[in-house]
Amino acid sequence: TWSAVILRPSSNKTDNDLPNFDLKIYKAIGKMGEEETGYRCVSIHDEFAYDKKQPIHGTVLDWIYDSFGSYAYSTELWSLPRKAGIEITDYIGWGQDHPASDDVAMAKALDEHVDGAGIYEWTAFDHPQLGEVEIGGWDYKFAIQNPPGPLLEEVTAGNALFVKRMMGTVPRIEMQAAEVEPLGGDVYRLSVVVRNTGFLPTYLSEVGKGIPSVKGVRVSIDLPEGCEIAGRVEQRL
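No experiment lies behind these values; they were computed from the predicted model shown. (Residues numbered from 1 in each chain as written. Predicted model: local features only at pLDDT ≥ 70, side-chain atom pairs only at ≥ 80, totals over all residues. Heavy atoms only, no water.)

**Some thoughts on the overall build of the chain**
Looking only at helices and strands, the chain has 8 helices and 9 strands in total. The C-alpha radius of gyration of the chain comes to 27 Å, more than 25% above the 18 Å expected for a compact globule of 237 residues. Long-range pairs, those at least 24 residues apart, make up 64% of the contacts in the chain between residues at least 6 apart in sequence. (Helix = DSSP H or I, 4+ residues; strand = E, 2+ residues; numbered from the N terminus. Rg over C-alpha atoms; globule rule 2.2 N^0.38 Å. Contact = heavy atoms within 4.5 Å.)

Structure representation (structure tokens):
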């Protein structure tokens, strides 16, 4: 995950094909991630696809959105080029072709920040099939794809704050202004204002409106013994 970027749906549609309301929400929550991590939040299809003529299929982010109407993001937590001060605008293109000077800058960054961890000295090795070879160079798993251990906390801290802020966007249902009005005898009218004071609507997204598992808000009243409700016990709002 070497791009230092926050990815969001869609993987197989352009932003123009998403409902406008949902796109605004994706961008608003993504901005929180940008503020906490310093990474850009981008559409997978529009800015991260290897080939826009062949959209990516089978991603968990799209499944969460299409099946539950919920918003999901995937953060590529680390970028050695970014640590080396290299500005990348074409994430896929840079990985396929970049100047050797970028590699030198990345090696210098490892020297400066983690005392050279992530690069192995070239050493001779007698290979049983190939004969005399040399082994060394990048530790691809823990220098390119992931941060070297000493940088792990620094790299993950901002994303943890993003996750906390994203959790705070959920709908928040509150009961307000409950009033009881006597109607005569032992009959009363109970009026309660129910409000969503959260950031997201209770249906979550425009896509969520058409998903059967998104049930919406339902209220019910539990009464003491000897009381009964003149009407429905459960009310859909």
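Anyway, onward from the coordinates.
**Observations regarding helix α3 (residues 60-68)**
Those residues of α3 not exposed but buried are Leu61, Asp62 and Tyr65. Down the axis of α3, the buried set is contained in an arc of 95°. They therefore lie on one face. On its buried face, α3 is in contact with β1 (5-8), α1 (20-37), α2 (44-47) and β3 (74-76). Looking one or two places after α3, you find glycine 69, whose phi comes out positive at around 75°. (Buried < 20%, exposed > 50% of the residue type's maximum accessible area, 1.4 Å probe, protein only. Arc of directions from axis to C-beta.)

**Some points on the packing of α1 against helix α8 (residues 152-167)**
In the contact formed by α1 and α8, the axes pass within 8 Å of each other and the chain directions differ by 150°. Overall, the two elements α1 and α8 adopt an arrangement that is roughly antiparallel. Where α1 crosses over α8, the handedness of that crossing is right-handed. Across the interface between the two elements, Ile29, Met32, Gly33, Glu35, Glu36 and Thr37 from α1 touch Gly158, Asn159, Leu161, Phe162, Arg165 and Met166 from α8. When grouped by side-chain class, the residues that make up the contact of α1 with α8 number 5 nonpolar, 4 polar and 3 charged. (Axes fitted to C-alpha atoms, helices over the stretch in contact; angles between N-to-C directions. Parallel < 35°, antiparallel > 145°, perpendicular 65-115°, else oblique. Left-handed = near helix turned anticlockwise from the far one by under 90°. Nonpolar A, V, L, I, M, F, W, Y, C, P; charged D, E, K, R; others polar.)

**Here we look at the pairing of strand β2 (residues 40-43)**
In the case of a regular strand, side chains alternate between the two sheet surfaces. Of the pairings in the sheet, the one linking β1 to β2 comprises 4 bridges and is parallel in character. Paired with arginine 8 across the two strands is serine 43, which belongs to β2. One crossover worth recording links β1 to the parallel β2 by way of α1, and it is right-handed. (Pairing = 2+ DSSP bridges. Right-handed = clockwise from strand over helix to strand, strands pointing away.)

**Some remarks on the packing of aromatic side chains**
Enumeration over the complete set of coordinates arrives at 8 aromatic pairs. If you follow lysine 209 out to its NZ or CZ, it ends over the ring of tyrosine 203, 4.6 Å from the centre. (Phe/Tyr/Trp six-rings, centres within 6.5 Å; stacked < 30°, edge-to-face > 60°. Lys NZ or Arg CZ within 6 Å of the ring centre and 35° of its normal.)

**What about the pairing of strand β6 (residues 173-184)?**
Of all 12 residues in β6, 0 are buried; the element is thus mostly exposed. Bridge analysis of β6 against strand β7 (residues 187-196) gives 9 bridges, and the strand direction is antiparallel. The residue of β7 that forms the bridge with glutamate 181 is arginine 189.

**Points about the pattern of salt bridges**
Scanning the entire structure with this criterion turns up 8 salt bridges. Here aspartate 15 and arginine 8 are joined by a salt bridge, their closest N and O atoms 2.9 Å apart. The same class applies to aspartate 15 as to arginine 8, namely buried. Where salt bridges share partners, they join Lys31, Glu35, Glu36 and Arg165 into one cluster. (Salt bridge = Lys/Arg side-chain N within 4 Å of Asp/Glu carboxyl O.)

**Regarding the sheet that holds β1**
Ordered by their spatial adjacency, 3 strands build an open sheet running β2-β1-β3, and the pairing between neighbours is mixed. Two strands lie at the open edges of the sheet, namely β2 and β3, each paired on one side alone. Within the sheet, the average angular offset between the axes of one strand and its neighbour, ignoring direction, is 30°. Note that β1 and β3 share 3 bridges and pair antiparallel. Of the residues in β3, the one forming a bridge with isoleucine 6 is threonine 75. Seen against the sheet, α1 touches β1 and β2 and runs at an angle of roughly 165° to β1.

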